[in-house]
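# Residue-level structure breakdown
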Amino acid sequence: HGPETVSPTGQPTGAEQARMAQSGAYLTTAQGARLHDTDHSLKAGPRGPVLLQDHHLREKITHFDHERIPERVVHARGAAAHGVFRGYGTAAKLSKAAFLAKDVETPVFVRFSTVLGSRGSADTVRDTRGFATKFYTEEGIFDLVGNNIPVFFIQDAIKFPDIIHAGKPHPDREIPQAQSAHDTFWDFVTLHTEATHHTLWNMSDRGIPRSYRMMEGFGVHTFRLVDAAGATTLVKFHWKPKLGVHSLVWEEAQIAAGVDPDFHRRDLADAIEAGAFPQWELGVQVFPDTEDQMFEGIDLLDATKIVPEELAPVQPIGLMTLNANPSNYFAETEQVAFHLGNLVPGIDVTNDPLLQGRLFSYLDTQLSRLGGPNFSQLPINRTHAPVNDMLRDGMHQTAVHRGVAPYRPNSLDGGCPFLAGEDTSAFIEAPAAVAASRKVRENPASFDDHYSQPRQFWLSMTPVEREHIIAAYTFELGKCYEQAIKERALTVLARIDTQLCEEVAAGLGLPAPGPDAGLTDPQPSPALSQLGQVWPLD
Ligand code: HEM
C-alpha cells in the first residue's frame with residue numbers, strides 16, 4: 001500500500017475508493033445496484049409483517065448497527081487538524097532526520113484531547129490534554145505523542161492501568177465523568193506520591209487551558225537524536241504556541257462546560273476556518289548522552305521530572321502551522337493511530353520505563369480499537385513514503401499484494417524487497433549501552449525524590465496563580481467522600497508547602513498536618529539551586 005490510488009490489479013484503493021463511494025448519480029446498495037425506495041420496508045401487504053427477504057432493509061440497518069468503533073481507552077475525546085511543519089535546520093547537526101533540515105516542509109496531522117472523559121464529555125474540564133502529532137515525512141511516519149503537561153503521574157508503565165482505573169469514573173455509579181474530583185483519583189495520587197508533581201500541574205491553571213491553540217506541548221520523555229556520523233544527544237521536545245499560554249479561570253471553565261461543551265473543538269475549527277492558523281515552534285532541550293543519563297542531578301529517565309529551562313533553554317528547531325480542518329471526523333480524528341515507535345532515522349528512544357511500556361501499549365490497543373492489523377492502510381494513517389513490506393492478509397486488508405514469496409531472500413519473485421543493508425538512510429537503532437547485571441523490578445534511587453520539583457513549581461507561581469491552585473485542591477478534594485483520603489492529601493501538600501497545605505485544610509474544614517507529617521523528604525536535586533552548562537545549537 002502507499003499513496004497510490006490504484007492497486008496492482010487496477011482496483012481503486014483507499015481515499016479514491018471513498019470518493020467513488022459517493023460518486024454515482026443514483027442512490028445504490030453497497031453493491032452498486034440502483035434503488036427505487038429507501039423509505040419503506042418490504043411488507044406482506046400495506047398492513048402486513050416485514051419480509052426477511054428485504055436485503056436493502058437489512059443491509060442499511062446492519063451497517064448502521066456497526067457504525068461505532070470502541071472509543072480510545074484514554075484520550076477518547078479529541079479534536080484534530082491538518083497542517084505543515086517547516087524545519088529551521090538548527091537541529092541538523094544533532095539529528096539526520098530529513099524533515100528537520102532547513103526549509104523542508106512536512107505535512108502533519110495533530111490531535112488534541114482530554115484524557116479521562118468519554119467521547120461525549122465536555123471540553124473544558126480540569127484534566128491533562130493530549131497533543132499528538134503525526135509527521136508524514138519522506139522517510140516514513142514520525143509520531144510525537146505528547147501532553148500539555150511536561151511530567152507524568154507515574155514512572156513505570158506497569159502502573160498505567162492502575163492510574164487510569166483510579167482516574168476513570170467509579171465502577172459502581174460511573175461518576176464523575178471527566179474530572180479528577182473523586183475518591184479513587186485522590187486515593188491513587190496520595191498513595192503513589194510520584195504523582196504529586198503532575199497532580200500539582202493539573203490543579204494549576206494548566207489544567208484548564210483557554211484554547212488548544214494556546215497550549216504548550218511536551219514530549220515528556222527524553223529522546224535520543226542521532227546525527228549522520230552516528231553521534232547521539234539526548235533531548236526533550238517542546239511545542240511553544242505563538243499565541244502564548246493562556247488558561248480559563250475555573251468559573252469560566254464550569255460555565256463553558258454547560259453552555260458549550262464543544263468549546264475547545266469549536267474554537268480550533270472556527271479559527272482555522274477563519275484563516276487564523278495556529279502555530280507552534282518545536283524546540284528541544286539538549287543534554288549530552290552520558291552513561292548515567294543525568295543532567296545537573298536530574299534523572300533524564302524519570303518522567304515525573306522536568307529540566308528547568310534556566311538550566312537547559314528550549315532551542316527552536318521548526319515551525320508548525322495548522323491550516324486545514326478534517327473533512328470527516330470518523331475517518332481522520334477517530335481513526336488516526338499514533339505510536340511512539342513510529343520513528344525515523346535520526347530519532348530514537350531511551351530506556352525511560354514509562355516510554356518503554358508505551359511502545360507496547362499503543363499498537364496493542366489499536367489492534368482492537370481499529371479492528372485488526374491493517375490500520376496503517378487507513379487513509380489518515382498512511383505514510384507518504386513508499387512501502388514495501390512483507391506483511392500480508394489479515395482483517396480489513398485492502399492492498400492486493402503481488403508475487404508468491406513474501407519472505408526474503410527469495411528466488412521466485414524476481415528478487416526480493418530491497419533491504420537497505422549498508423544504506424545509512426535506513427533506520428538503525430542507536431547502539432546505546434545496556435548496563436544490566438541482573439534482572440530487577442526496583443527503581444533507581446534517583447526516582448525517589450517526589451517533592452522538590454513540585455515545591456519548585458509552587459514557588460514559581462504568582463500570588464493569583466497560588467490562589468487558583470488552592471481553590472482547585474479545595475474544590476476537587478471537597479468532592480471526596482472518604483475523610484481519610486482528604487487527610488492523606490493534606491500530608492502530601494504539607495511536603496510541598498506549608499501555606500498551600502494550611503489554606504486547603506482551612507477550605508476543607510480540617511486541621512492542617514505539620515510539615516513533619518507524612519513521608520521523609522529526600523534531598524532536592526542539586527540542579528534546582530544552581531545553573532548548569534547550556535548546550536547551544538548554534
Ligand atoms: C493515548 C499521551 C502515557 C497508553 C494517548 C494520546 C496521547 C497520549 C496524546 C492520544 C493519542 C490520540 O490523540 O489518538 C501520553 C503521554 C504519556 C502517556 C504524554 C506519558 C508521558 C501512557 C502510558 C500508557 C499509555 C504509560 C500505557 C502503558 C495509551 C493508550 C492510548 C493512549 C492505550 C489510546 C491509544 C489509541 O487508542 O489509539 N496517550 N500517554 N499512555 N495512551 Fe498515552
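The structure displayed is predicted, hence computed values, not measured ones.

Within the secondary structure layout, leucine 57 lies in helix α2 (residues 55–65). Among the residues examined, leucine 57 registers 16 C-beta atoms within 10 Å and is labelled partly exposed. Taking the C-alpha atoms as reference, leucine 57 lies 8.0 Å from leucine 42; in sequence the two are 15 residues apart.

As a matter of local geometry, the ligand sits amid 29 residues, with His75, Arg111, Gly130, Phe160 and Ser361 nearest to it. Only β2 (105–114), β3 (129–137), β4 (140–147) and α9 (353–369) provide two or more residues apiece to the shell around the ligand. By residue number, the principal contributor to the shell around the ligand is α9, which donates 8 residues. Its residues assigned to classes, the shell around the ligand comprises 14 nonpolar, 11 polar and 4 charged.

What follows concerns the packing of helix α5 (residues 196–203) against helix α10 (residues 452–459). Their axes nearest at 8 Å, the elements α5 and α10 cross at an angle of 20 degrees. On the basis of their axis angle, the class for α5 and α10 is roughly parallel. Considering the relative orientation of α5 and α10, their crossing is right-handed. Together, Thr196, His197, Leu200 and Trp201 of α5 and Gln453, Pro454, Phe457 and Trp458 of α10 make up the contact between the two elements. Here the contact of α5 with α10 is built from residues that sort into 5 nonpolar, 3 polar and no charged.

Quick look at the packing of helix α4 (residues 183–191) against helix α12 (residues 483–496) now. Here α4 crosses α12 at 40 degrees, and the two axes come no closer than 9 Å. Regarding the angle of α4 to α12, the classification is oblique. Helix-helix and strand crossings are classified by hand; for α4 and α12 the assignment is left-handed. Facing α4, whose interface residues are Asp183, Trp186, Asp187 and Thr190, α12 presents Ile485, Arg488, Ala489 and Val492.

This brings us to the UniProt feature "binding site: heme" (unreviewed entry) in the protein. The residues that UniProt annotates with the feature "binding site: heme" (unreviewed entry) are Arg72, Arg111, Phe160, Arg358, Tyr362 and Arg369. Note on placement: tyrosine 362 falls in helix α9. C-beta crowding within 10 Å serves as the criterion here: with 18 such atoms nearby, tyrosine 362 is assigned to the partly exposed category. Among the structural elements, arginine 369 can be located in helix α9. With residues up to four places along the chain from it excluded, the contact list for arginine 369 reads Ile69, Pro70 and Arg72.

Glancing now at helix α7 (residues 263–273). Note on helix geometry: an α-helix contains 3.6 residues per turn, so any two residues three or four positions apart are oriented the same way. By the burial criterion, the buried members of α7 are Phe263, His264, Arg265, Asp267, Leu268 and Ile272. The elements touched by buried residues of α7 are β1 (78–87), α6 (250–259) and β11 (315–324). With its phi angle positive at about 85 degrees, glycine 275 sits one or two positions after the end of α7.

Across the protein, the average pLDDT comes to 92, with 90% of residues at or above 70. Counting interchain partners and residues more than four positions distant, the pLDDT-below-50 stretch residues 1–10 has 22 contacts. Confidence drops under pLDDT 50 across residues 526–534; counting only partners more than four residues distant or on other chains, this segment forms 14 contacts. As a predicted assembly, this complex carries a pTM of 0.93 together with an ipTM value of 0.97.

For the rest of this paragraph, the subject is the nonpolar core. Ranked by size, the top nonpolar core spans 98 residues in total, and within it Val110, Phe142, Tyr473, Leu490, Leu493, Cys501 and Val504 carry the most contacts. No other element matches α12, which puts 7 residues into this core. For valine 110, the residues in contact, after removing those within four places along its chain, are Ala80, Ala81, Gly83, Ala132, Thr133 and Leu322.

Reading the values: the criteria
Residues numbered from 1 in each chain as written. Predicted model: local features only at pLDDT ≥ 70, side-chain atom pairs only at ≥ 80, totals over all residues. Helix = DSSP H or I, 4+ residues; strand = E, 2+ residues; numbered from the N terminus. Buried ≥ 20, exposed ≤ 12 C-beta atoms within 10 Å, placed from the backbone. Near = placed C-beta within 6 Å. Nonpolar A, V, L, I, M, F, W, Y, C, P; charged D, E, K, R; others polar. Axes fitted to C-alpha atoms, helices over the stretch in contact; angles between N-to-C directions. Parallel < 35°, antiparallel > 145°, perpendicular 65-115°, else oblique. Left-handed = near helix turned anticlockwise from the far one by under 90°. Contact = placed C-beta atoms within 7 Å. UniProt positions renumbered as here; feature names shortened; annotations may be inferred. pLDDT = per-residue confidence, 0-100. Core = buried A, V, L, I, M, F, W, Y, C linked by C-beta atoms within 7 Å.

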